Amino acid sequence: AARPQLTPPPVAPSPTPAAEASTRPPTASNTPAGEVTVSANDGMELIYIPAGVFPLGAPESDPDAREDEKPQLQVYLDAFWIDKTEVTVAQFADFVRATGYRTDAERGVDDGANGARAGGVIFAGNDMLFAKDASWLLPEGPGGRSAEERPFGPVVQVSWNDARAYCQWAGRRLPTEAEWDRAARGAAGRRYPWGDQLTAAQANFCDENCAATWRNPAIDDGAGRTSNVGSYPGGASVEGGLDFSGNVWEWTADWYDFRGYYRFPTVNPPGVAAGTERVARGGSWIDTADRVRASARNKFTPESRNNFTGFRCAVSQP
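The present account deals with the structure reproduced in this document. Keep in mind that this is a model prediction, so the values were computed, not measured.

### Section: the sheet that holds strand 9 (residues 278-281)
(1) Moving on: Taken in spatial order, the 4 strands make up an open sheet running 10-9-8-11, and their pairing is mixed. The open sheet has two edge strands, strand 10 (297-300) and strand 11 (309-310), and neither has a second partner.
(2) Moving on: Pairing between strand 8 (residues 249-255) and strand 11: 2 bridges, direction parallel. Bridge pairing in strand 11 links Trp249 to Thr309.

And the structure:
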């Protein structure tokens, strides 16, 4: 029997940030940083990020930082929990089976660039192409490898709307950009989740296996496309999160602002109140070393989907 067609839930408007806010001291908690709990809804491991102040964004001293990564601000966040890895194909399949959900790629929702056509964007060599009928199950389109052959890889060809719907089903939400930044870069605001240098043991990015001409032929990270989540334990964040750099870009809750963190609120910032594109963070298998720095930003319309963007979820209290 054909599965029912469910449309994505309506996108709630982002709250309007306060014009001015001051930092406040961290809240005491008996939960240790990096504590792990498991979601009863989808089996995802979540790690605990304690409350406190951290430097959001790239410093002026970073030669690779783009203007939308600046200025660096001292920001306070309440404690929260975030998925240890990106959501996998297997977990997304459970969501689809439980709800009958159909993604934007399957329904052919207009992504603002390719019209109302079923499918999604793929990277092939140096080019981004629209692949007809590509979906989370067929990330490269018909004739390509089925995602079911890699159930523990990150789900891709999912839009912001799709990611948001999954997180709601799982009892969580998309992380704010500030939460994602803190979880990836730690309280010290590291260049990469693990430190300052990038090696083959720490992230899946455009190495010698990558088809693009900008690949780094001196590094072999063992992957030419996406890798199973958690494949690079050497790239763990301070609290133990994996794949914050490379593998796939990750959706966040925030609207994108080309001005970076100009006039950004400094207490639990929700991002700007409106926009046309949502922020993605972390870089992917097709990106160079500078773009998998943990402060690097990307942007896509909420309906966009491709074979290099996935997501993870967060929650204030499991």
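What follows continues from the structure just given.
### With respect to the pairing of strand 7 (residues 127-132)
(1) Moving on: By the bridge criterion, 6 bridges tie strand 6 (residues 119-124) to strand 7 in an arrangement that is antiparallel. Note that in strand 7 the partner of Ala124 across the bridge is Asp127.
(2) Moving on: In sequence, strand 6 turns back onto strand 7 through a hairpin of 2 residues, with Gly125 there showing a positive phi of about 65°.

### Focus: the environment of Ala274
(1) Moving on: Within the element layout of this structure, Ala274 appears in the loop between strand 8 and strand 9.
(2) Moving on: When the C-alpha positions of Ala274 and Trp255 are compared, they lie 6.2 Å apart, and in sequence the two are 19 residues distant.

### Some thoughts on the packing of aromatic side chains
(1) Moving on: In this structure the tally under the stated criterion is 16 aromatic pairs.
(2) Moving on: Centre to centre, the rings of Phe92 and Tyr166 are 6.0 Å apart; their planes meet at 15°, and the pair counts as stacked. One end of the pair, Phe92, is in helix 1 (residues 89-99); the other, Tyr166, is in helix 3 (residues 160-169), with 74 residues separating them in the sequence.
(3) Moving on: Classification of Phe92 as buried rests on a relative accessible area of 0%.
(4) Moving on: With centroids separated by 5.1 Å and ring planes inclined at 35°, the aromatic side chains of Phe95 and Tyr101 adopt a geometry described as tilted. Each member of the pair, Phe95 as well as Tyr101, is classed as buried.
(5) Moving on: Geometry around Trp160 places Arg278 over its ring, the cationic atom sitting 3.9 Å from the centre.
(6) Moving on: Its end group placed over the ring of Trp255, Arg278 keeps NZ or CZ at 3.5 Å from the ring centre.

Calculation rules
- Each chain has its residues counted from 1, running along the sequence as written.
- Only residues with pLDDT of at least 70 are given local features in this predicted model, and only at 80 or more are side-chain atom pairs given and counted; all residues enter the totals for whole chains, interfaces and linings.
- For side-chain calculations, the full set of non-hydrogen atoms in the structure is used, while hydrogens and water are omitted.
- What makes two strands pair is DSSP finding at least two bridges between them.
- Elements are defined by DSSP. Helices are runs of H or I of four residues or more, strands are runs of E of two residues or more, and each kind is numbered from the N terminus.
- Here is the rule: rings of Phe, Tyr and Trp (six-membered ring for Trp) pair when centre to centre is within 6.5 Å. Planes less than 30 degrees apart are stacked, more than 60 are edge-to-face, and the remainder are tilted.
- Partly exposed describes any residue whose relative accessible area lies between the buried limit of under 20% and the exposed limit of over 50%, with all areas from a 1.4 Å probe on protein chains only and scaled to the type maximum.
- Two conditions define a charge sitting above a ring: the NZ of Lys or the CZ of Arg must be within 6 Å of the ring centre, and it must be within 35 degrees of the ring normal.

This is a description of form; function is not addressed.
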